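# Analysis of the macromolecular model
Chain by chain, the residues run as shown.
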Amino acid sequence: MQSTDLGNKESGKIWHRKPSPATRDGIIVNIIHNTSDYHPKVLRFLNVAFDGTGDCLIAGDHQGNIYVFDLYGNRFNLVQRTAQACTALAFNLRRKSEFLVALADYSIKCFDTVTKELVSWMRGHESSVFSISVHASGKYAITTSSDTAQLWDLDTFQRKRKLNIRQSVGIQKVFFLPLSNTILSCFKDNSIFAWECDTLFCKYQLPAPPESSSILYKVFAVTRDGRILAAGGKSNHLHLWCLEARQLFRIIQMPTKVRAIRHLEFLPDSFDAGSNQPPPPLVKVIEDLPKNKLSSSDLKRKVTSGRVQQPAKSRESKIQTRILKQDLTGDFESKKNELPDGLNKKRLQILLKGYGEYPTKYRMFIWRSLLQLPENHTAFSTLIDKGTHVAFLNLQKKYPIKSRKLLRVLQRTLSALAHWSVIFSDTPYLPLLAFPFVKLFQNNQLICFEVIATLIINWCQHWFEYFPNPPINILSMIENVLAFHDTELLQHFIDHDITSQLYAWPLLETVFSEVLTREEWLKLFDNIFSNHPSFLLMTVVAYNMCSRVPLLNCNLKDDFETVEDMQAKVDQQRVEDEAWYQKQELLRKAEETRREMLLQEEEKMIQQRQRLAAVKRELKVKEMHLQDAARRRFLKLQQDQQEMELRRLDDEIGRKVYMRDREIAATARELEMRQLELESQKRLYEKNLTENQEAVAKEMRADADAYRQKVDLEEHMFHKLIEAGETQSQKTQKVIKENLAKAEQACLNTDWQIQSLHKQKCDDLQRNKCYQEVAKLLRENRRKEIEIINAMVEEEAKKWKEAEGKEFCLRSAKKASALSDASRKWFLKQEINAAVEHAENPCHKEEPRFQNEQEDSSCLPRTSQLNDSSEMDPSTQISLNRRAVEWDTTGQNLIKKVRNLRQRLAAQARHRCQTAHLLAA
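These numbers come from a predicted model, not from an experiment.

Let us look at the overall build of the chain. Scanning the chain from terminus to terminus reveals 20 helices and 24 strands. Working note: accessible area of the chain is about 59300 Å², and carbon and sulfur atoms make up 54% of it.

It is worth spelling out the nonpolar core at this point. Grouped together as the largest cluster of nonpolar side chains are 74 residues, with contacts concentrated most on Phe437, Leu508, Phe525 and Phe529. Broken down by element, this core gets its largest block of residues, nine residues, from helix H8 (residues 445-459). In this structure, leucine 508 is in contact with Leu433, Trp463, Ile474, Leu475, Ile478, Leu536, Leu537 and Val540, ignoring residues within four places of it in sequence. Among the nonpolar cores identified, the runner-up in size contains 18 residues, and Phe175, Leu184, Leu206 and Leu229 belong to it.

Two elements in contact, helix H6 (residues 404-420) and H8, have axes whose closest approach is 10 Å; the angle formed by their N-to-C orientations is 50°. In this view, H6 runs oblique relative to H8, as classed from their interaxial angle. With respect to the hand of their crossing, H6 and H8 are arranged in right-handed fashion. Listed contacts from H8 to Val409, Arg412, Thr413, Ala416, Leu417 and Trp420 of H6 are Gln445, Cys448, Phe449, Ile452, Ala453 and Ile457. Residues belonging to the contact of H6 with H8 are distributed by class as follows: nine nonpolar, two polar and one charged.

Quick look at the packing of helix H9 (residues 472-485) against helix H10 (residues 487-495) now. Two packed helices can be described by the angle between their axes and the distance between those axes. Taken N-terminus to C-terminus, the directions of H9 and H10 make an angle of 125°; their axes are 6 Å apart at the nearest point. By the angle between their axes, H9 is oblique relative to H10. Contact residues: H9 offers Glu479, Leu482, Ala483 and His485, while H10 offers Thr487, Leu489, Leu490 and Phe493. Split into classes, the residues belonging to the contact of H9 with H10 amount to five nonpolar, two polar and one charged.

A few words on the sheet that holds strand E5 (residues 56-61). Sheet strands associate in pairs through backbone hydrogen bonding, adopting either a parallel or an antiparallel arrangement. In spatial order, the strands read E2-E7-E6-E5-E4; together these five strands make up an open sheet with antiparallel pairing. Single-partner strands in this sheet number two, and they are strand E2 (11-12) and strand E4 (45-50). For E2 and strand E7 (residues 75-81), the ladder comprises two bridges, and the chain directions are antiparallel. Bridge pairing links serine 11 to asparagine 77 in E7.

Here we take up the environment of isoleucine 472. When you line up the elements, isoleucine 472 lands in helix H9. Overall, the relative accessible area of 36% leaves isoleucine 472 in the partly exposed class. Taking C-alpha positions, isoleucine 472 is 9.6 Å from histidine 462, a pair spaced 10 residues apart along the chain. With residues near it in sequence (within four places) discarded, isoleucine 472 still touches Tyr466 and Gln501.

Here the focus is the packing of aromatic side chains. Where two aromatic rings form a pair, the distance of their centres and the angle of their planes describe that pair. With the rule as written, the count across this model stands at 28 aromatic pairs. Relative to tyrosine 503, the ring of phenylalanine 493 lies with its centre 4.4 Å away and its plane at 20°, an arrangement referred to as stacked. Of this pair, phenylalanine 493 sits in helix H10 while tyrosine 503 sits in helix H11 (residues 500-503), and the two are 10 residues apart along the sequence. With respect to class, phenylalanine 493 is no different from tyrosine 503; both count as buried. Cluster of aromatic residues (ring-pair linked, three or more members): Trp367, Phe437, Phe441, Trp459, Trp521, Phe525 and Phe529. Residue placement shows lysine 109 over the ring face of tryptophan 121; its charged tip is 4.1 Å from the ring centre. Note that lysine 173 overlies the ring of phenylalanine 175, its terminal NZ or CZ placed 5.2 Å from the centroid.

We now examine helix H7 (residues 430-440). Most of H7 sits inside the fold, with eight of its 11 residues counted as buried. Within H7, the full set of buried residues consists of Leu430, Pro431, Leu433, Ala434, Pro436, Phe437, Val438 and Leu440. Contacts made by the buried residues of H7 are with helix H3 (363-371), helix H5 (395-398), H6, H8, helix H12 (505-509) and helix H13 (518-530).

Each value, and the rule that gives it
Residues numbered from 1 in each chain as written. Predicted model: local features only at pLDDT ≥ 70, side-chain atom pairs only at ≥ 80, totals over all residues. Heavy atoms only, no water. Helix = DSSP H or I, 4+ residues; strand = E, 2+ residues; numbered from the N terminus. Areas by Shrake-Rupley, 256 points an atom, 1.4 Å probe, with all protein chains shown as cover. Core = buried A, V, L, I, M, F, W, Y, C linked by side-chain atoms within 4.5 Å. Buried < 20%, exposed > 50% of the residue type's maximum accessible area, 1.4 Å probe, protein only. Contact = heavy atoms within 4.5 Å. Axes fitted to C-alpha atoms, helices over the stretch in contact; angles between N-to-C directions. Parallel < 35°, antiparallel > 145°, perpendicular 65-115°, else oblique. Left-handed = near helix turned anticlockwise from the far one by under 90°. Nonpolar A, V, L, I, M, F, W, Y, C, P; charged D, E, K, R; others polar. Pairing = 2+ DSSP bridges. Phe/Tyr/Trp six-rings, centres within 6.5 Å; stacked < 30°, edge-to-face > 60°. Lys NZ or Arg CZ within 6 Å of the ring centre and 35° of its normal.

These figures come from the coordinates and say nothing about function on their own.
Shown next, in the form of structure tokens:
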């Protein structure tokens, strides 16, 4: 025996050499899972599930690791880590790569083994799920916990139904019976119920087991055909139930050392058509019990452990076993007539004989019970998965059908039949045989396939003995029956060389679908499925006998084929006429019925309207009461909200008043600070102005000193010439200077007073505005600042303009002063020259000078060497301009005085000359 440790590997081989099962226990390989952590430990596998083929199994441990073991491919793969223990597994879904796992958090998840992704997450249980049962088709699943069982649709992963029970009862197991639509539910009180999967209708309940052998069922197993149920628990007894007869038919007693049964499985046996009985060598029959009522002691059987026991060959056998030969409460005939789903064949035949057909509503259900269809989804899915058979790839060319769906279903059904048996791929009449059933069961392809297969096995089983020729044996039987019932018609066929292949075989290979209408065909097969298979052959004979009159009138072989078509047309016309009359009758009856229904509905409508009017009145009253209550409630709520809003507004107003007071105080403080800043700026400006004035005064004093020095020099130059006028000139200059200083001081004082009054007036206006508009301090403050700035800018512009004007006057004064200086120098020079010349020649006649003022000015030298005062301070420029104007006035006065002085000097000179001439004479 080999041992494989999974360890931390996610994939690998299950065994590394050819497996050789042990002779005693038959074990191929022992799979364990040890971790390689710091503290190694063994991870226990909790649940295992096989797929439908038995080649793969899936296993999950208590840490949530889920492995897939491919026994055929000798591989294992880790497909999921759920991080929590799995409580149940299922691996036989419709999509082969998907599996279901129930986890410790009460949820069920669906994973894919190929992509390893989560497909769906299903919740709804409130306790651990310990069982998952999947329907044979793979479409549905049942998950079971201790308090409930839930039915899931695996196509949409939505819950369809939920089984709720009393908490005191408890559920042992709920599962699907193999290859059927029956659900078996087993509870802790040993009650067992069977339910229909589609409708969840309770089909039956098994009776309680005998009290003497009563055990608490915990484990269950069912054969693959769903007929035998094995149940066991904490006991060495094993109960076998016949689910068809719905009673306990055998009790097996295990060896004494067996105290409890943990798990049950039926061993598959391919020789018993899948019924999976217990191996017969384990027990032997001691006696047959009488057919009277069975007791619990008569149901017991003993089983020995160890090697398989053969029938005893000596009297020394120590093993005592007893077997009960069951009596299924009736004779063989009654059992033969019992059908699944509670139907009885005899009763159905009586019903069919009375009405001629089965009810349309229950026809398909009755057919399924009569044919006892296995509904083997797995086998049908295997055939369908093989795809379209080569023989039917071009089916549409030979049998053109308008409906593409019907053609596709027919092609799929024929392919499944060809894959099921190779002979059907070469059967030319198979599409004709299968088409009416395909058209009837096109929405349930499994039932369609099984009906056709059952028809072939039971009614057409001898058709292939002369394949590919028609079944001569079957046709001979039909001919013999026709000879017995209608010798004249058979002799007519023989005389005209008409064989059974012409008058019988076309009916069989098309199963009457081309000569009967749909309703007639359904009625025919109601009788065929309810009677012996030979009924089909009798139907062929009966059809020919019913058509004997037109057949006897046919004398040629071709006429029989022409007659067949004519008969078919006549029958079709008759059927159409009959159907038309029936439709007219049905329409008349339907019209009367509808009139009665309309009258009834109108009466019901009137009553319903009256009830609705009463209900509306009540609802209107209730609505009015509710509206009144709602209105009062709304008004109260609105009043409360308004009061709360008023309180909020009061609080807001108080807060805003407080904030306004604070803002006013802050603004007042800011204004005071601004006033202080303005006063500081004012003092700073006055200080700067004073400093500038001092600098200008100093400069002016320097200029005045220079000017006085220049004047002193000029006076010194004139000292000799004009001694007499020197004193007067000095006095005049002194008076002029004093008057000039007084005027200058008066101007300065006036300017200071004007500026002071202007500033006081501005301050008064500003304070008045601040006092008057204290509520609008922030906005007025900004406006005042803008006005002040604009006023200062305008004032500055005016001052600069005035400074420019005064600067221009200063330049003019300087030019005039320069001209005056040049004139005085030229005048002095001329006078000195004249005095020297006069001293040398006292009698020379002097020409008058300075007759024309403009002429003198034109003769003065011009100069452009004047200092540019554009870069001086405005106040300095203003002072210089004022001084320049004063000096200009003084210079003009001086010029006038000099002219007068020169005129007097000229007159004195002339007088002295005249005196000198007189003295000389």
